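Single-letter residue listing:
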Amino acid sequence: MAQRMKGRHLISLKDYSREDFETIFSVAARLKEELYIGRPHPLLAGKTLGMIFQKPSLRTMVSFQVGVQQLGGYALYLGPDQISIGKRESTEDIAHVLSSYVDGIMARTFAHSIVEDLAKYSRVPVINGLTDFNHPCQILADLFTVLERKRRLDGLKLAYVGDGNNVTHSLLYGCATVGMSIALATPEDYRPDPEVVAYARELGRKTGAKVTLTASPKEAAKGADVLYTDVWASMGQEAEKAIRAKAFKGYQINMPLLNSAHPDAIVLHCLPAHYDEEITYDVVQDPRSAVFQQAENRLHAQKAVMALLMGNG
Ligand code: CP
Ligand code: NVA
């Protein structure tokens, strides 16, 4: 196990190198194989993960909880009613106290600054389980899935269709790091953070990843090896649902769009999906869809992250 990653936080993929990604993918592949053949891998024996959730979750919550258990450790769910970050007490105090009890903290929050503050004051690794700005664990599982399907990452092209959101930001960091080009098709008013785009462009100049922005899903999908989409309205944006439904009309992965991509293209969606909004049901069911493999890989990728950051080596 790579000792150099021990004790680190995972707040943003911006902080992780290509070598770090490769280490995570190789540990994830090993742990997946061991799980499949039934070989125990108690790399977190006796360790505890505190899981803070300000938002709902299926994949993140269950994959972290089950993942820790499979690694021989224990996970603790701390929902909004339990600790009410910033309301019942400060993030700083929560970080001091919680990190004196547990060996790692996973947090899903609204403001990204909460996860940054947890990391600042915690004495144990903090893992970002989604904020309004980022979703790094998702993109590690996504790239691991592409690697499984395509046997490589660099030189490929990913087309993202929809909202320039937290998933998009982590995709920009992740793709640029591994040398995968990324074409984003978003409505003008829903482009990702320009600073993230500029950072990914700069990094991409070194790794060979091209970053392009367009308003046309068709243009983005042309020649793409991977098509990716996410919900039009993220958690916390429920009040904007109607406005967004109008703005995103046409920003959908459907059969015609999939057929216009590379003939071997695969489809990804972080889920939950809203059928007939950002994606159609037939696309998710198509053999070119890797959506459920991708969801399963959340488990294997996060187990690798936890083993590397929190494990005993
Ligand atoms: N993709 C994802 O993070 O799913 P959940 O919101 O269900 O955790
Ligand atoms: N962008 C979505 C991702 C869900 C996993 C959200 O933040 O709700």
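That block above? That's the structure.
Residues numbered from 1 in each chain as written. Chains lettered and ligands numbered in written order. Predicted model: local features only at pLDDT ≥ 70, side-chain atom pairs only at ≥ 80, totals over all residues. Heavy atoms only, no water.

**Structural notes on the sheet that holds strand β2 (residues 74-78)**
- Strands sit in the order β2-β1-β3-β4 across an open sheet of four strands; the sheet is parallel. A single partner strand is all that each edge strand has here, and the edge strands are β2 and β4 (126-128). The mean angle between the axes of side-by-side strands here comes to 20 degrees, regardless of whether they run parallel or antiparallel.
- Sheet analysis places strand β1 (residues 48-53) next to β2, joined by five bridges and oriented parallel. Among the inter-strand pairings, Ile 52 is bridged to a residue of β2, identified as Leu 78. (Pairing = 2+ DSSP bridges. Helix = DSSP H or I, 4+ residues; strand = E, 2+ residues; numbered from the N terminus. Axes fitted to C-alpha atoms, helices over the stretch in contact; angles between N-to-C directions.)

**Notes on the site of ligand 2**
- In the vicinity of ligand 2, the contacting residues are Leu 130, Asn 165, Asn 166, Asp 230, Val 231, Ser 234, Met 235 and Leu 271.
- For ligand 2, an oxygen atom lies 2.8 Å from a polar atom in the side chain of Asn 166.
- Note that an oxygen atom of ligand 2 is positioned 2.8 Å from one of the backbone N or O atoms of Met 235.
- Calculation on ligand 2 without its partners gives an accessible area of 270 Å², and the protein chains cover 95% of this total.
- When its residues are assigned to classes, the shell around ligand 2 shows four nonpolar, three polar and one charged. (Near = heavy atom within 4 Å. Polar contact = N/O pair within 3.5 Å; in protein donor to acceptor, adjacent residues only side chain to side chain. Areas by Shrake-Rupley, 256 points an atom, 1.4 Å probe, with all protein chains shown as cover. Nonpolar A, V, L, I, M, F, W, Y, C, P; charged D, E, K, R; others polar.)

**Observations regarding the pattern of salt bridges**
- Taken as a whole and judged by the stated rule, the model has 15 salt bridges.
- Note that Arg 4 is salt-bridged to Glu 19, the shortest N-O span being 3.8 Å. Taken together, the residues span a long stretch of sequence, with Arg 4 in the segment before α1 (18-37) and Glu 19 in helix α1 at a distance of 15 residues.
- Given the relative accessible area of 39%, Arg 4 is considered partly exposed.
- Residues Arg 244 and Asp 163 are paired through a salt bridge, measuring 3.0 Å at the closest nitrogen-oxygen approach. Here Arg 244 is found in helix α10 (residues 241-247), whereas its partner Asp 163 is found in the loop between β5 (157-161) and α7 (166-178), with 81 residues between them in sequence.
- When its relative accessible area of 5% is taken as the criterion, Arg 244 is described as buried. (Salt bridge = Lys/Arg side-chain N within 4 Å of Asp/Glu carboxyl O. Buried < 20%, exposed > 50% of the residue type's maximum accessible area, 1.4 Å probe, protein only.)

**Observations concerning the pairing of strand β7 (residues 211-214)**
- Here strand β6 (residues 181-185) runs beside β7; their pairing, made up of four bridges, is parallel. Counterpart to Ile 182 in the pairing with β7 is Val 211.
- Read from β6 through helix α8 (residues 194-207) to β7, the crossover connection turns out right-handed. (Right-handed = clockwise from strand over helix to strand, strands pointing away.)

**Some remarks on the pairing of β6**
- Most of β6 is tucked away, with five of its five residues classed as buried.
- Along β6, one buried face is formed by Ser 181, Ala 183 and Ala 185 and the opposite face, lined by Ile 182 and Leu 184, is buried too.
- Note: β5 against β6, five bridges, orientation parallel. Within β6, the residue paired with Leu 158 across the bridge is Ile 182.

**Some thoughts on the site of ligand 1**
- If you check the shell around ligand 1, you find Ser 57, Leu 58, Arg 59, Thr 60, Arg 108, His 135, Gln 138, Cys 270, Leu 271 and Arg 298 and nothing else.
- Note that an oxygen atom of ligand 1 is positioned 2.7 Å from one of the side-chain N or O atoms of Thr 60.
- A distance of 2.8 Å separates an oxygen atom of ligand 1 from a polar side-chain atom of Arg 108.
- Protein contact buries 95% of the 250 Å² of open area that ligand 1 shows by itself.
- Counted by class, the shell around ligand 1 contains three nonpolar, four polar and three charged residues.

**Comments concerning helix α13 (residues 291-310)**
- Between the first and last C-alpha of α13 there are 28 Å, a value that for 20 residues agrees with the 28 Å anticipated at 1.5 Å per step.
- A maximum bend of about 30 degrees is found in α13 at Asn 297.
- Of all the 20 residues making up α13, 16 are buried; the element is thus mostly covered by neighbouring parts of the structure. (Expected span 1.5 Å × (residues − 1). Bend = angle between axes of the 7 residues up to and from the residue.)

**Here's the deal with unusual backbone geometry**
- In this structure, the amide linkage connecting Leu 271 to the following residue, Pro 272, adopts the cis form with an omega of 5 degrees.
- Relative to the elements of secondary structure, Pro 272 occurs in the loop between β9 (266-269) and α12 (281-285).
- A positive phi angle is found at Leu 130, which is not glycine, with a value near 120 degrees.
- Relative to the assigned elements, Leu 130 resides in the loop between β4 and α6 (136-150).
- The phi dihedral of Asp 276 is positive, around 70 degrees, even though this residue is not glycine.
- Here Asp 276 lies in the loop between β9 and α12.
- On the accessibility criterion, Asp 276 (59% relative accessible area) is exposed.

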